[in-house]
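Read off the chains here:
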Amino acid sequence: TAIPEFVDDNCGILIPAESYVEIADAIEKLYNNPELFLKLSENAAKRVRKQTSKEYTIDKEIELIEVN
């Protein structure tokens, strides 16, 4: 499984918990499709940068502190 708040179908493959067959299938899919792997990897990197950037985290936290 993955945390849906951080992973979606554009940047990863979500698998139900404890579903070892689906995990194996997803690994095989990525192994056999390097273009998909690269696309998901690139999208994941972009998503992490967006969700954890200074503007997304620290600046919003400072705004909250200043308002209160």
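For every chain, the first residue of the written sequence is number 1, and numbering continues from 1 along that sequence. Local features are withheld for residues below a pLDDT of 70 in this predicted model, meaning they are given only at 70 or higher, and side-chain atom pairs are given and counted only at 80 or more; totals for whole chains, interfaces and linings count all residues. Only heavy atoms go into the side-chain values, all of them from the structure, while hydrogens and water stay out.

## Here's the deal with the overall build of the chain
How we decide: A run of DSSP states H or I qualifies as a helix once it reaches four residues; a run of E qualifies as a strand once it reaches two. Both are numbered from the N-terminal end. Each residue's exposure class comes from its accessible area (1.4 Å probe, protein chains only) as a fraction of the maximum for that residue type: buried when under 20%, exposed when over 50%, partly exposed otherwise. Contacts between residues were defined by any pair of non-hydrogen atoms, one from each residue, lying within 4.5 Å. Working definition of accessibility: Shrake-Rupley area with a 1.4 Å probe, residue cover restricted to the visible protein chains.
Per the secondary structure count, the chain includes 3 helices and 0 strands. Starting at the N terminus and ending at the C terminus, the chain contains elements arranged as α-α-α. Taking the principal axes of its C-alpha atoms as reference, the chain extends roughly 50 × 25 × 10 Å. Each of the 68 residues in the chain was classed as buried or not, and the buried ones make up 15%. For the chain, the proportion of contacts with a sequence separation of at least 24, taken over those separated by at least 6, is 46%. Counting every atom, the chain has about 5,800 Å² of accessible surface; 59% of that belongs to carbon and sulfur.

## Points about unusual backbone geometry
A positive phi angle, close to 65 degrees, is found at glutamate 18, a residue other than glycine. For glutamate 18, the location among the structural elements is in the segment before α1 (20–32).

## Topic: the packing of α1 against helix α2 (residues 34–52)
Here is the rule: Each axis is a line fitted through C-alpha atoms, and for a helix only the stretch in contact is used; angles between axes span 0 to 180 degrees, taken between their N-to-C directions. Just so you know how the angles are binned, under 35 degrees is roughly parallel, over 145 roughly antiparallel, 65 to 115 roughly perpendicular, and the rest oblique. The residue classification treats Ala, Val, Leu, Ile, Met, Phe, Trp, Tyr, Cys and Pro as nonpolar and Asp, Glu, Lys and Arg as charged. All others, Gly included, are polar.
Close contact between α1 and α2 brings their axes to 5 Å; oriented N to C, the two are set at 105 degrees. The angle between α1 and α2 falls in the class roughly perpendicular. On α2, the residues touching Lys29, Leu30, Tyr31 and Asn32 of α1 are Pro34, Leu36, Phe37 and Leu40. In terms of residue class, the contact of α1 with α2 is made up of 6 nonpolar, 1 polar and 1 charged.

## Concerning the confidence of the model for the chain
Should pLDDT be low for a region, the predicted coordinates there are not to be read in detail. Heads up, the rule is: On a scale of 0 to 100, pLDDT captures the predictor's confidence in every residue.
On average, residues of the chain score 89 in pLDDT, and 96% of them reach the 70 mark or higher. Between the elements of the chain, mean pLDDT differs from a low of 86, seen in helix α3 (residues 58–67), to a high of 97, seen in α1.

## What to know about the pattern of salt bridges
Test applied: The rule for a salt bridge is simple: a side-chain nitrogen of Lys or Arg has to be within 4 Å of a carboxyl oxygen of Asp or Glu.
Applying the stated criterion across every chain, the model contains 3 salt bridges. One salt bridge in this structure joins glutamate 42 and lysine 46, with 3.2 Å as the shortest N-O distance. Here glutamate 42 pairs with lysine 46, and both are found in helix α2, just 4 residues apart, close to one helical turn. A relative accessible area of 47% places glutamate 42 in the partly exposed class.

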